[in-house]
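# Descriptive analysis of the structure
Each chain, written out:
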Amino acid sequence: QIVIGVLAIQGAFREHIQHLVKAIDELGLQEKLEISVFEVRDEETLVRCDALVIPGGESTTMSLVAQRLNLLEPLRQFIASGKPAWGTCAGLIMLSSSLQNKSCDQQLLGGLDIETTRNAFGRQLDSFIADLDYSKFIPGLTAFQTVFIRGPVISKILPPSPGKPKVEVLASLPEERGSQIIAVRQGDILGTSFHPELSEDVSFHKWWVQDFVLSKITIT
Ligand code: GLN
(Lines give C-alpha, C1' and ligand atoms only; values in the text may rest on other atoms or scores of the structure.)
Protein backbone atom coordinates (compact mmCIF):
# COMPACT_ATOMS: atom_id res chain seq x y z
CA GLN A 1 0.00 0.00 0.00
CA ILE A 2 1.18 3.48 -0.89
CA VAL A 3 0.22 6.34 1.41
CA ILE A 4 0.36 9.97 0.35
CA GLY A 5 0.00 12.38 3.26
CA VAL A 6 -1.20 15.96 3.09
CA LEU A 7 -0.24 18.13 6.06
CA ALA A 8 -3.67 19.17 7.34
CA ILE A 9 -3.02 21.63 10.12
CA GLN A 10 -3.73 24.83 8.19
CA GLY A 11 -4.40 26.06 4.67
CA ALA A 12 -5.65 24.51 1.43
CA PHE A 13 -5.20 20.84 2.34
CA ARG A 14 -8.71 19.72 1.29
CA GLU A 15 -8.17 20.96 -2.26
CA HIS A 16 -4.88 19.04 -2.48
CA ILE A 17 -6.57 15.87 -1.30
CA GLN A 18 -9.38 16.26 -3.85
CA HIS A 19 -6.85 16.87 -6.62
CA LEU A 20 -4.70 13.91 -5.60
CA VAL A 21 -7.71 11.59 -5.48
CA LYS A 22 -8.80 12.78 -8.93
CA ALA A 23 -5.26 12.49 -10.31
CA ILE A 24 -4.94 8.91 -9.00
CA ASP A 25 -8.30 8.10 -10.56
CA GLU A 26 -7.42 9.65 -13.93
CA LEU A 27 -4.13 7.76 -13.98
CA GLY A 28 -6.08 4.54 -13.41
CA LEU A 29 -3.81 3.65 -10.48
CA GLN A 30 -6.49 2.27 -8.18
CA GLU A 31 -6.83 -0.73 -10.47
CA LYS A 32 -3.14 -1.53 -10.23
CA LEU A 33 -2.17 -0.73 -6.66
CA GLU A 34 -3.52 0.27 -3.32
CA ILE A 35 -2.90 3.97 -2.93
CA SER A 36 -4.49 6.24 -0.34
CA VAL A 37 -4.38 9.89 0.58
CA PHE A 38 -4.35 10.78 4.28
CA GLU A 39 -4.70 13.99 6.26
CA VAL A 40 -1.65 14.34 8.49
CA ARG A 41 -2.00 15.96 11.90
CA ASP A 42 0.15 13.74 14.07
CA GLU A 43 3.40 11.87 14.08
CA GLU A 44 1.80 8.41 13.93
CA THR A 45 0.14 9.22 10.61
CA LEU A 46 3.21 11.00 9.27
CA VAL A 47 5.50 8.02 9.76
CA ARG A 48 3.13 5.84 7.74
CA CYS A 49 3.40 8.14 4.70
CA ASP A 50 5.50 7.42 1.63
CA ALA A 51 5.22 11.00 0.36
CA LEU A 52 3.99 14.31 1.72
CA VAL A 53 2.33 17.48 0.43
CA ILE A 54 2.59 20.69 2.42
CA PRO A 55 -0.18 23.01 1.25
CA GLY A 56 -0.45 26.75 0.90
CA GLY A 57 -1.86 28.87 3.66
CA GLU A 58 0.10 31.04 6.03
CA SER A 59 3.60 29.87 6.82
CA THR A 60 3.85 31.70 10.16
CA THR A 61 0.63 30.09 11.41
CA MET A 62 1.60 26.73 9.98
CA SER A 63 4.93 26.81 11.76
CA LEU A 64 3.25 27.80 15.03
CA VAL A 65 0.63 25.04 14.84
CA ALA A 66 3.26 22.47 13.86
CA GLN A 67 5.28 23.53 16.87
CA ARG A 68 2.28 23.21 19.22
CA LEU A 69 1.48 19.76 17.86
CA ASN A 70 5.11 18.67 18.28
CA LEU A 71 5.30 18.04 14.59
CA LEU A 72 8.29 20.18 13.64
CA GLU A 73 10.97 17.60 14.39
CA PRO A 74 9.02 14.66 12.90
CA LEU A 75 8.41 16.76 9.76
CA ARG A 76 12.11 17.65 9.54
CA GLN A 77 13.01 13.99 9.89
CA PHE A 78 10.51 13.03 7.21
CA ILE A 79 11.93 15.56 4.77
CA ALA A 80 15.52 14.57 5.58
CA SER A 81 14.70 10.88 5.07
CA GLY A 82 14.59 11.41 1.31
CA LYS A 83 10.92 10.58 0.85
CA PRO A 84 9.19 12.68 -1.82
CA ALA A 85 7.72 15.97 -0.64
CA TRP A 86 5.97 18.86 -2.36
CA GLY A 87 5.38 22.30 -0.87
CA THR A 88 3.04 24.80 -2.50
CA CYS A 89 3.18 28.49 -1.58
CA ALA A 90 3.37 28.54 2.24
CA GLY A 91 4.50 24.90 1.89
CA LEU A 92 7.39 26.05 -0.31
CA ILE A 93 8.36 28.55 2.40
CA MET A 94 8.33 25.73 4.97
CA LEU A 95 10.63 23.60 2.79
CA SER A 96 13.15 26.41 2.20
CA SER A 97 16.47 26.35 3.98
CA SER A 98 16.46 30.13 4.24
CA LEU A 99 13.80 32.86 4.27
CA GLN A 100 14.63 36.44 3.51
CA ASN A 101 11.82 38.14 5.41
CA LYS A 102 11.25 35.69 8.22
CA SER A 103 8.84 36.83 10.89
CA CYS A 104 10.23 36.40 14.38
CA ASP A 105 10.13 32.86 15.67
CA GLN A 106 9.02 31.45 12.34
CA GLN A 107 10.34 27.91 11.92
CA LEU A 108 11.36 26.27 8.66
CA LEU A 109 11.72 22.60 7.84
CA GLY A 110 14.43 22.86 5.19
CA GLY A 111 14.91 20.34 2.44
CA LEU A 112 15.34 22.73 -0.47
CA ASP A 113 18.63 24.62 -0.61
CA ILE A 114 17.06 27.91 -1.60
CA GLU A 115 16.35 31.31 -0.19
CA THR A 116 12.69 32.27 -0.45
CA THR A 117 11.11 35.70 -0.12
CA ARG A 118 7.58 35.84 1.28
CA ASN A 119 4.83 38.01 -0.19
CA ALA A 120 7.21 38.82 -2.97
CA PHE A 121 4.88 40.30 -5.53
CA GLY A 122 4.10 43.99 -5.49
CA ARG A 123 0.61 45.01 -4.44
CA GLN A 124 -0.89 44.89 -7.89
CA LEU A 125 0.48 41.44 -8.49
CA ASP A 126 -0.20 40.30 -4.93
CA SER A 127 -2.68 37.74 -6.19
CA PHE A 128 -3.15 36.86 -9.82
CA ILE A 129 -3.90 34.07 -12.25
CA ALA A 130 -1.83 33.48 -15.39
CA ASP A 131 -1.82 30.78 -18.04
CA LEU A 132 1.77 29.56 -17.98
CA ASP A 133 3.75 27.01 -19.95
CA TYR A 134 5.16 23.98 -18.08
CA SER A 135 5.66 21.78 -21.14
CA LYS A 136 9.43 21.68 -20.56
CA PHE A 137 8.83 19.18 -17.76
CA ILE A 138 5.15 18.22 -18.04
CA PRO A 139 4.56 17.11 -21.62
CA GLY A 140 1.73 19.01 -23.29
CA LEU A 141 1.06 21.43 -20.43
CA THR A 142 1.47 24.66 -22.38
CA ALA A 143 -1.21 26.81 -20.75
CA PHE A 144 -1.82 25.81 -17.14
CA GLN A 145 -4.03 28.13 -15.13
CA THR A 146 -1.59 29.18 -12.41
CA VAL A 147 -2.96 30.74 -9.23
CA PHE A 148 -0.77 33.01 -7.09
CA ILE A 149 -2.09 34.21 -3.71
CA ARG A 150 0.32 36.45 -1.85
CA GLY A 151 2.90 33.98 -3.01
CA PRO A 152 6.61 33.75 -2.29
CA VAL A 153 9.35 33.64 -4.92
CA ILE A 154 12.60 31.77 -4.88
CA SER A 155 15.08 34.61 -4.56
CA LYS A 156 18.30 32.57 -4.46
CA ILE A 157 19.46 29.12 -5.40
CA LEU A 158 21.99 28.03 -2.79
CA PRO A 159 24.77 25.47 -3.18
CA PRO A 160 23.50 21.98 -2.34
CA SER A 161 24.16 20.73 1.17
CA PRO A 162 26.59 17.80 1.39
CA GLY A 163 25.35 14.69 -0.35
CA LYS A 164 22.38 16.38 -1.96
CA PRO A 165 21.72 16.93 -5.66
CA LYS A 166 21.70 20.39 -7.18
CA VAL A 167 18.59 22.57 -7.11
CA GLU A 168 17.01 22.58 -10.54
CA VAL A 169 14.98 25.58 -11.67
CA LEU A 170 11.83 24.20 -13.28
CA ALA A 171 9.90 27.38 -14.01
CA SER A 172 10.15 31.15 -13.86
CA LEU A 173 7.58 33.83 -14.60
CA PRO A 174 7.66 35.26 -18.10
CA GLU A 175 9.81 38.36 -18.52
CA GLU A 176 6.86 40.77 -18.63
CA ARG A 177 5.79 39.51 -15.20
CA GLY A 178 9.21 39.85 -13.62
CA SER A 179 11.10 36.60 -14.41
CA GLN A 180 11.12 35.38 -10.79
CA ILE A 181 11.69 31.69 -10.09
CA ILE A 182 8.41 29.96 -9.19
CA ALA A 183 9.20 26.23 -9.26
CA VAL A 184 12.25 24.23 -8.24
CA ARG A 185 13.17 20.63 -7.70
CA GLN A 186 15.99 19.20 -5.61
CA GLY A 187 16.02 15.45 -5.95
CA ASP A 188 12.74 14.21 -4.55
CA ILE A 189 11.60 17.55 -3.21
CA LEU A 190 9.44 19.91 -5.23
CA GLY A 191 8.56 23.51 -4.40
CA THR A 192 6.08 25.74 -6.23
CA SER A 193 5.16 29.30 -5.29
CA PHE A 194 1.67 28.88 -6.75
CA HIS A 195 -1.39 26.73 -6.06
CA PRO A 196 -1.99 23.93 -8.62
CA GLU A 197 -4.69 22.57 -6.27
CA LEU A 198 -6.81 25.65 -6.98
CA SER A 199 -7.11 25.24 -10.73
CA GLU A 200 -9.53 22.82 -12.39
CA ASP A 201 -6.80 20.85 -14.09
CA VAL A 202 -5.14 17.99 -12.17
CA SER A 203 -2.16 17.67 -14.57
CA PHE A 204 0.34 18.97 -12.03
CA HIS A 205 -0.83 16.48 -9.43
CA LYS A 206 -0.73 13.63 -11.95
CA TRP A 207 2.84 14.55 -12.84
CA TRP A 208 3.90 14.69 -9.19
CA VAL A 209 2.31 11.33 -8.38
CA GLN A 210 4.05 9.72 -11.36
CA ASP A 211 7.43 11.42 -11.31
CA PHE A 212 7.99 11.80 -7.58
CA VAL A 213 5.85 9.28 -5.73
CA LEU A 214 5.65 6.25 -8.02
CA SER A 215 9.19 6.54 -9.36
CA LYS A 216 10.49 6.08 -5.79
CA ILE A 217 8.44 3.03 -5.04
CA THR A 218 9.22 -0.38 -6.35
CA ILE A 219 6.00 -2.21 -6.87
CA THR A 220 6.31 -5.79 -5.74
N1 GLN B 1 1.90 34.75 2.20
C2 GLN B 1 1.80 33.43 2.76
C3 GLN B 1 2.94 33.13 3.69
O4 GLN B 1 3.80 33.92 3.88
C5 GLN B 1 1.72 32.38 1.69
C6 GLN B 1 0.47 32.54 0.90
C7 GLN B 1 -0.10 31.26 0.40
O8 GLN B 1 0.26 30.17 0.80
N9 GLN B 1 -1.08 31.41 -0.47
O10 GLN B 1 2.98 32.09 4.26
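This is a predicted model, so every value here is computed, not measured.

Secondary structure assignment for the protein yields 6 helices and 12 strands. Its C-alpha radius of gyration of 16 Å places the protein within 12% of the 17 Å reference for a compact globule of 220 residues. Buried residues in the protein amount to 42% of all 220 residues. In the protein, the share of contacts with a sequence separation of at least 24, taken over all contacts with a separation of at least 6, comes to 70%.

Let us now look at the site of the ligand. Gly56, Gly57, Glu58, Ser59, Cys89, Ala90, Ile93, Arg118, Asn119, Ile149, Arg150 and Gly151 make up every residue found near the ligand. For the shell around the ligand, the per-class residue count stands at 4 nonpolar, 5 polar and 3 charged.

Attention now goes to the UniProt feature "binding site: L-glutamine" (unreviewed entry) in the protein. In this structure's numbering, the residues bearing the UniProt feature "binding site: L-glutamine" (unreviewed entry) are Gly57, Glu58, Ser59, Arg118, Ile149 and Arg150. In terms of the greatest pairwise C-alpha distance, the residues named above, spread along 94 residues, form a tight cluster of at most 12.7 Å across. Among the secondary structure elements, glycine 57 is positioned in the loop between strand 3 (51-54) and helix 3 (59-68). For glycine 57, a count of 22 C-beta atoms within 10 Å puts it in the buried group. Beyond its immediate sequence surroundings of up to four residues, glycine 57 is in contact with Gln10, Gly11, Ala12, Met62 and Ala90. If you trace the backbone, isoleucine 149 turns up in strand 8 (residues 144-149). Those residues in contact with isoleucine 149 that lie beyond four places of it in its chain are Gly56, Cys89, Ser127 and His195.

Leu7, Leu52, Ala85 and Leu95 are the most contacted members of the largest nonpolar core, which totals 60 residues. Alanine 85 has contacts with Ala51, Leu52, Ile54, Ile79, Leu95, Gly111 and Ile189, leaving out every residue within four places of it along the chain.

In the numbering adopted here, UniProt assigns the feature "active site" (unreviewed entry) to Cys89, His195 and Glu197. Spatially, the listed residues are clustered: although they cover 109 residues, their C-alpha atoms lie within 10.9 Å of one another. By the element assignment, histidine 195 lies in the loop between strand 12 (189-192) and helix 6 (203-213). Mapped onto the elements, glutamate 197 comes out in the loop between strand 12 and helix 6.

Summarising the element assignment, proline 174 is placed in the loop between strand 10 (168-172) and strand 11 (181-186). Through-space distance from the C-alpha of proline 174 to that of aspartate 133 is 9.3 Å; in sequence the pair is 41 residues apart.

The rules behind these values
- Residues numbered from 1 in each chain as written.
- Predicted model: local features only at pLDDT ≥ 70, side-chain atom pairs only at ≥ 80, totals over all residues.
- Helix = DSSP H or I, 4+ residues; strand = E, 2+ residues; numbered from the N terminus.
- Rg over C-alpha atoms; globule rule 2.2 N^0.38 Å.
- Buried ≥ 20, exposed ≤ 12 C-beta atoms within 10 Å, placed from the backbone.
- Contact = placed C-beta atoms within 7 Å.
- Near = placed C-beta within 6 Å.
- Nonpolar A, V, L, I, M, F, W, Y, C, P; charged D, E, K, R; others polar.
- UniProt positions renumbered as here; feature names shortened; annotations may be inferred.
- Core = buried A, V, L, I, M, F, W, Y, C linked by C-beta atoms within 7 Å.

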